[in-house]
Amino acid sequence: MSEIAITQTLGQNSDSNKIENLPKITSFLLPKEYELLPNASELFELEFAFYEYKFLLKSEIIERGAFFKTVDGIPTQHYIICSNNNPLVWKGRSEVTKSYFKEGNFSTGYATHGLFPYRGKFHPQLIKGILNILKVKPGDTILDPMCGSGTLNVEAAIIGIDSIGIEKSPFCTLMSKVKYESLKVFTEQLSRVETEINENYKILMSKKTLPDNFKLDDRFNVEKSITLLAFLDAMGYARRCSKGIDILFPTVLKRYIAQIDSFVHARDKLNLKIGKARFEIADARNLPLGNKKVDAIVTSPPYSFAIDYVDNDRPQLEYLGYDTSKLRDEMIGLKGKTKKEKLANYFNDMNMVLSEMSRVLNIGKYAVIIIGSNDIQTGGIRLETKVEEMALENEFVLDQKIVKPIKGIQNTMRDEYILFFRKV
Ligand SMILES: C[S@@+](CC[C@H](N)C(=O)[O-])C[C@H]1O[C@@H](n2cnc3c(N)ncnc32)[C@H](O)[C@@H]1O
């Protein structure tokens, strides 16, 4: 397009130069029948909204779009799911917390993502946007080989896609299972969880480690697991504030029940078909999967040693009866004494993970890696650049790179990179 044509398109030298007529930037990106969600204003969000508009039919945006409020005046399912919050979810929280969560209503705080605030978890709305760009569809199987709290699996399930979550930490696997299985509960089950709060509290407090009747065998009991996760959440919370676990546990559990109940109502109203998910405690460097078994991978590895995942979850892991020193040796990013040694181990491990990802992925399909660099910790090495180099050595090509800023003044990382690698 010539410069004159662009100027004309943008309306320069016309009435739109007047303040009262200034056009919204989104009017150049999207036709007026597409209404964005109220919080979609950052550049990466507009980028994702534009891709959804380009890649999906109107009916698909209504069913699985992550950045739109309405299309042709019809509310999207994402908007309905996020707007359905039970007032109990906010009860007893400070104004600051309330406004933080309300702001994140459409991006992080919906469905079962709010159960247990796992550090370093994905931004759920972004994951839905990625799944839309990848055009994954029911019948596909997608994988997160370091699934943490199971954000990918929850997002996939909500749009009816099957997934696998692999994770080394058994506490994370429990958390992921609870978040996923809670998507499928019935209101009567939630009522039972509520009636049994006091009785279960006594049982959970009766020992220093997990009592036998809470041990989860092959038959996953969702009611007990929701209760147990709330207990473990309250246990961590009690260490950070002045209140005791006896006060915190019922509050946290009631909030969990309210959050799940909000989703369950939206699920039934929208008649959602929840995709299947399975989780396994295993090592991303040695995946328990056959060759070419998955149709997409979306994952976020530890950002070198930015977070000590074992130390972070130590009270919960110990209560569940796991040996944390053994686990530490198997976790990516935690091995080594000096910074140099830690980085060398990290890159070695990441190379193994990329090789495994390449092995289990079908040719022509995508592995999306979300990663950020903490320059201070890495001595200036950019992890995204290293991962790019390693991916190229493992039969991947980089098709797209999107930058997402990280909010919050306490963060020493400014951006995360969303790298779209295609298996060749
Ligand atoms: C950035 S977090 C992932 C968070 C996740 N995307 C979510 O939404 O919760 C990285 C995860 O890698 C896991 N991890 C570390 N070493 C691993 C290994 N060898 N195999 C599998 N998972 C590992 C950590 O326990 C941690 O949960």
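Residues numbered from 1 in each chain as written. Predicted model: local features only at pLDDT ≥ 70, side-chain atom pairs only at ≥ 80, totals over all residues. Heavy atoms only, no water.

Asks: Would you explain the sheet that holds strand β3 (residues 74–75) in this entry?
Replies: Either a parallel or an antiparallel arrangement is found when strands of a sheet pair, and the pairing is made through backbone hydrogen bonds. Spatial ordering of the open sheet is given by β1-β2-β3, a layout of three strands whose pairing is antiparallel. Two strands close off the open sheet at either side, each with one partner strand: β1 (34–36) and β3. Across three bridges, the pairing between β1 and strand β2 (residues 68–71) is antiparallel. Residue pairing across strands places Glu 35 opposite Thr 70, the latter belonging to β2. (Pairing = 2+ DSSP bridges. Helix = DSSP H or I, 4+ residues; strand = E, 2+ residues; numbered from the N terminus.)

Asks: What am I meant to see in the pairing of strand β10 (residues 415–423) here?
Replies: For a regular strand, side-chain orientation follows a simple rule: the groups alternate between the two sheet faces. Among the nine residues that make up β10, seven are buried, leaving the element largely enclosed by the rest of the structure. Alignment of strand β9 (residues 396–405) against β10, held across nine bridges, turns out to be antiparallel. Bridging across to β10, Pro 405 finds its partner in Asp 415. (Buried < 20%, exposed > 50% of the residue type's maximum accessible area, 1.4 Å probe, protein only.)

Asks: Honestly, the site of the ligand in this entry has me stumped. Any pointers?
Replies: Surrounding the ligand, one finds 24 residues, the nearest of these being Tyr 118, Phe 122, Ser 149, Thr 151 and Glu 167. Between an oxygen atom of the ligand and a main-chain N or O atom of Phe 122, the distance comes to 2.9 Å. Between the ligand and Ile 332 there is a distance of 2.9 Å, counted from a nitrogen atom to a backbone nitrogen or oxygen. Within the complex, the protein chains bury 99% of what would otherwise be the 600 Å² of accessible surface of the ligand. Among the cavities detected, the one that contains the ligand is the largest cavity. (Near = heavy atom within 4 Å. Polar contact = N/O pair within 3.5 Å; in protein donor to acceptor, adjacent residues only side chain to side chain. Areas by Shrake-Rupley, 256 points an atom, 1.4 Å probe, with all protein chains shown as cover. 1 Å grid on protein atoms, 1.4 Å probe; cavity = no way out; pocket = protein on both sides within 12 Å on 5 of 7 lines; lining within 4 Å. Sits in = over half its atoms within 2 Å of the grid points.)

Asks: Explain the nonpolar core to me, please; I cannot follow it from the model alone.
Replies: The nonpolar side chains of a soluble globular protein tend to be buried with one another. Ranked by size, the top nonpolar core spans 70 residues in total, and within it Phe 48, Ile 130, Leu 131, Leu 143, Val 298, Val 387 and Ile 418 carry the most contacts. Per-element tally for this core: the top contributor is helix α17 (residues 339–360), with eight residues. Filtering out sequence-adjacent residues up to four positions away, Phe 48 remains in contact with Phe 67, Leu 126, Gly 129, Ile 130, Ile 133, Ile 402 and Ile 418. Core analysis: the second largest hydrophobic core is formed by 43 residues, Phe 116, Leu 174, Leu 232 and Tyr 256 among them. (Core = buried A, V, L, I, M, F, W, Y, C linked by side-chain atoms within 4.5 Å. Contact = heavy atoms within 4.5 Å.)

Asks: Sorry, what's going on with the layout of surface pockets here?
Replies: In this structure, the second largest pocket encloses a volume near 440 Å³. Surrounding the second largest pocket, 22 residues form its lining, Glu 63, Pro 138, Ile 159, Gly 160 and Lys 273 being those nearest its centre. The dominant element in the lining of the second largest pocket, judged by the number of residues it contributes, is helix α4 (residues 58–64), at three residues. Residue classes in the lining of the second largest pocket are distributed as nine nonpolar, five polar and eight charged. (Points joined across faces, edges and corners; volume = space filled by probe spheres on them. Nonpolar A, V, L, I, M, F, W, Y, C, P; charged D, E, K, R; others polar.)

Asks: Before we go on, may I ask you to explain helix α9 (residues 170–181) in this structure?
Replies: Each α-helix turn comprises 3.6 residues. Residues three or four places apart therefore point the same way. Its 12 residues place the ends of α9 16 Å apart at the C-alpha level, agreeing with the 16 Å of an ideal helix rising 1.5 Å per residue. Within α9, 10 of the 12 residues are buried, which leaves the element mostly enclosed by the surrounding structure. Those residues of α9 that sit buried are Pro 170, Phe 171, Cys 172, Thr 173, Leu 174, Met 175, Ser 176, Val 178, Lys 179 and Tyr 180. On the buried face of α9, the contacting elements are α8 (151–158), β5 (162–167), α12 (222–240), β6 (277–281), α15 (314–319) and α16 (324–330). (Expected span 1.5 Å × (residues − 1).)

Asks: How should empty space enclosed by the protein be read in this particular structure?
Replies: With a probe scaled to a water molecule rolled over the atoms, the places where space remains empty come into view. Across all of its chains, the model carries three cavities of 30 Å³ or more by this definition. The space that makes up the largest cavity amounts to roughly 330 Å³. Taken together, 23 residues line the largest cavity, and the ones lying closest to its centre are Met 146, Gly 148, Glu 167, Ser 300 and Pro 302. Here the lining of the largest cavity is built from residues that sort into 12 nonpolar, five polar and six charged.

Asks: Whenever I open this one, the sheet that holds β6 confuses me. Can you help?
Replies: Strand order in the open sheet made by the seven strands is β6-β5-β4-β7-β8-β10-β9, with mixed pairing throughout. In this open sheet, the two strands that pair with only one neighbour each are β6 and β9. On average, each strand axis in the sheet is tilted by 15° relative to the strand beside it, whichever way the strands run. Pairing geometry for β5 and β6, over five bridges, is parallel. Bridging across to β6, Glu 167 finds its partner in Ile 281. (Axes fitted to C-alpha atoms, helices over the stretch in contact; angles between N-to-C directions.)

Asks: Would you take a moment to explain the pattern of salt bridges for this structure?
Replies: Two side chains carrying opposite charge are able to pair once their charged atoms lie near each other. Across all of its chains, the model carries 23 salt bridges by this definition. Glu 280 is the salt-bridge partner of Arg 278, the closest N and O atoms lying 3.0 Å from each other. Note that Asp 399 and Arg 422 form a salt bridge whose closest N and O atoms lie 2.7 Å from each other. Linking Asp 399 in strand β9 with Arg 422 in strand β10, this pair joins segments that are 23 residues apart in sequence. Its relative accessible area of 29% is what places Arg 422 among the partly exposed residues. (Salt bridge = Lys/Arg side-chain N within 4 Å of Asp/Glu carboxyl O.)

Asks: What exactly am I supposed to notice about the packing of aromatic side chains here?
Replies: The geometry of an aromatic ring pair comes down to the distance between the two centres and the angle between the two planes. A complete count under the given rule lists 14 aromatic pairs for this structure. Consider the rings of Phe 44 and Phe 48, whose centres lie 6.5 Å apart with planes at 85°: the pair is edge-to-face. With Phe 44 and Phe 48 both in helix α3 (residues 43–55), this residue pair falls four residues apart, about one helical turn. The burial state of Phe 44 is the same as that of Phe 48; both residues are buried. (Phe/Tyr/Trp six-rings, centres within 6.5 Å; stacked < 30°, edge-to-face > 60°.)

Asks: Quick question: what am I supposed to make of the side chain of Thr 173 here?
Replies: Tracing the sequence through the fold places Thr 173 in helix α9. Relative accessible area serves as the criterion here: at 5%, Thr 173 is assigned to the buried category. If sequence neighbours within four positions are ignored, Thr 173 has contacts with Glu 167, Phe 279, Glu 280 and Ile 281.

Asks: In this structure, what is going on with the packing of helix α11 (residues 197–205) against helix α13 (residues 245–270)? I would like to understand it.
Replies: When two helices pack together, you describe them by how their axes are tilted relative to each other and by the distance separating the axes. For the pair α11 and α13, the least separation of the axes is 11 Å and the interaxial angle reads 130°. Between α11 and α13, the angle is such that the two are oblique. Seen along the crossing, α11 lies across α13 with a hand that is right-handed. Counting all contacts with α11, which are made through Ile 197, Tyr 201, Leu 204 and Met 205, the residues of α13 involved are Ile 245, Asp 246, Phe 249, Pro 250, Leu 253 and Lys 254. Taken together, the residues of the contact of α11 with α13 break down into eight nonpolar, no polar and two charged. (Parallel < 35°, antiparallel > 145°, perpendicular 65-115°, else oblique. Left-handed = near helix turned anticlockwise from the far one by under 90°.)

So far we have only geometry, and geometry alone does not tell us how the molecule works.
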